[in-house]
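What the coordinates show
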Amino acid sequence: MARLILAPGWRWSESAKPTELTDFCEHNHLGYCVSGSLEIQTSDGVRSTIRAHDTYALPPGHDEWVVGSEPFVAIEFLGTASFGRPRSRGSHALI
């Protein structure tokens, strides 16, 4: 479990893609949005928005970006253990 804070202007395809080396975010995300707003677009073009007090489950294969001038703050129960690791492809930390 982790608190996720993404600054205004953050976008996965610009901020994380160069490190993760995949075309789209390949993490499963399960969380609760505390504040802010995050736009999601799947690899097949479907778009949705996560807003304050929303719960969310995102499958691998998406881009995501912060909307507006407020940081996106969320509690994630799945998806952050491997965030930002090269070629992690959604794999979680090994025990």
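Everything here concerns the structure above.
First, a word on what this report is: a plain description of the structure on this page. (Residues numbered from 1 in each chain as written. Predicted model: local features only at pLDDT ≥ 70, side-chain atom pairs only at ≥ 80, totals over all residues. Heavy atoms only, no water.)

1. Some words on the sheet that holds strand β1 (residues 2-6)
Where strands meet in a sheet, backbone hydrogen bonds hold them as pairs that are either parallel or antiparallel. As summarised here, the arrangement of the 4 strands in space is β1-β7-β2-β5, forming an open sheet in which the pairing is antiparallel. One side of each edge strand has no neighbouring strand; the edge strands of this open sheet are β1 and β5 (55-58). Across this sheet, the average inter-strand angle for adjacent strands is 30 degrees, counted without regard to direction. Bridge count for strand β2 (residues 29-35) against strand β7 (residues 72-78) is 5 bridges, and the pairing is antiparallel. (Pairing = 2+ DSSP bridges. Helix = DSSP H or I, 4+ residues; strand = E, 2+ residues; numbered from the N terminus. Axes fitted to C-alpha atoms, helices over the stretch in contact; angles between N-to-C directions.)

2. What about the sheet that holds strand β3 (residues 37-42)?
Spatially, 3 strands are ordered β4-β3-β6 in an open sheet, and the strand pairing comes out antiparallel. Unpaired on one side and paired on the other, β4 (47-51) and β6 (62-66) mark the two borders of the sheet. Along the sheet, successive strands turn relative to each other by an average axial angle of 20 degrees, direction set aside. As paired elements, β3 and β6 share 5 bridges and run antiparallel to each other. Note on β6: the bridge partner recorded for Gln41 is Asp63.

3. Here we look at unusual backbone geometry
At Leu21, a residue that is not glycine, the phi angle is positive and equals roughly 60 degrees. Position of Leu21 relative to the elements: it lies in the loop between α2 (17-20) and β2. Phi at His53 takes a positive value of approximately 75 degrees, unusual for a residue other than glycine. Locating His53 in the fold gives a position in the loop between β4 and β5. A relative accessible area of 59% places His53 in the exposed class. (Buried < 20%, exposed > 50% of the residue type's maximum accessible area, 1.4 Å probe, protein only.)

4. Some points on the side chain of Glu64
Structurally, Glu64 can be placed in strand β6. Comment: no salt bridge for buried Glu64; closest opposite-charge side chain is Arg11, at 10 Å. Apart from residues lying up to four places away in sequence, Glu64 is in contact with Trp10, Arg11, Trp12, His29, Leu38, Glu39, Ile40 and Leu58. (Lys, Arg positive; Asp, Glu negative; His and termini not counted. Salt bridge = Lys/Arg side-chain N within 4 Å of Asp/Glu carboxyl O. Contact = heavy atoms within 4.5 Å.)

5. Quick word on the environment of Val73
Looking at the secondary structure, you find Val73 in strand β7. We classify Val73 as buried; its relative accessible area is 17%. Put simply, Val73 and Ser35 are 38 residues apart on the chain and 5.2 Å apart in space, counted from C-alpha to C-alpha. Aside from chain neighbours lying at most four places away, what touches Val73 is Arg3, Leu4, Ile5, Tyr32, Cys33, Val34 and Ser35.

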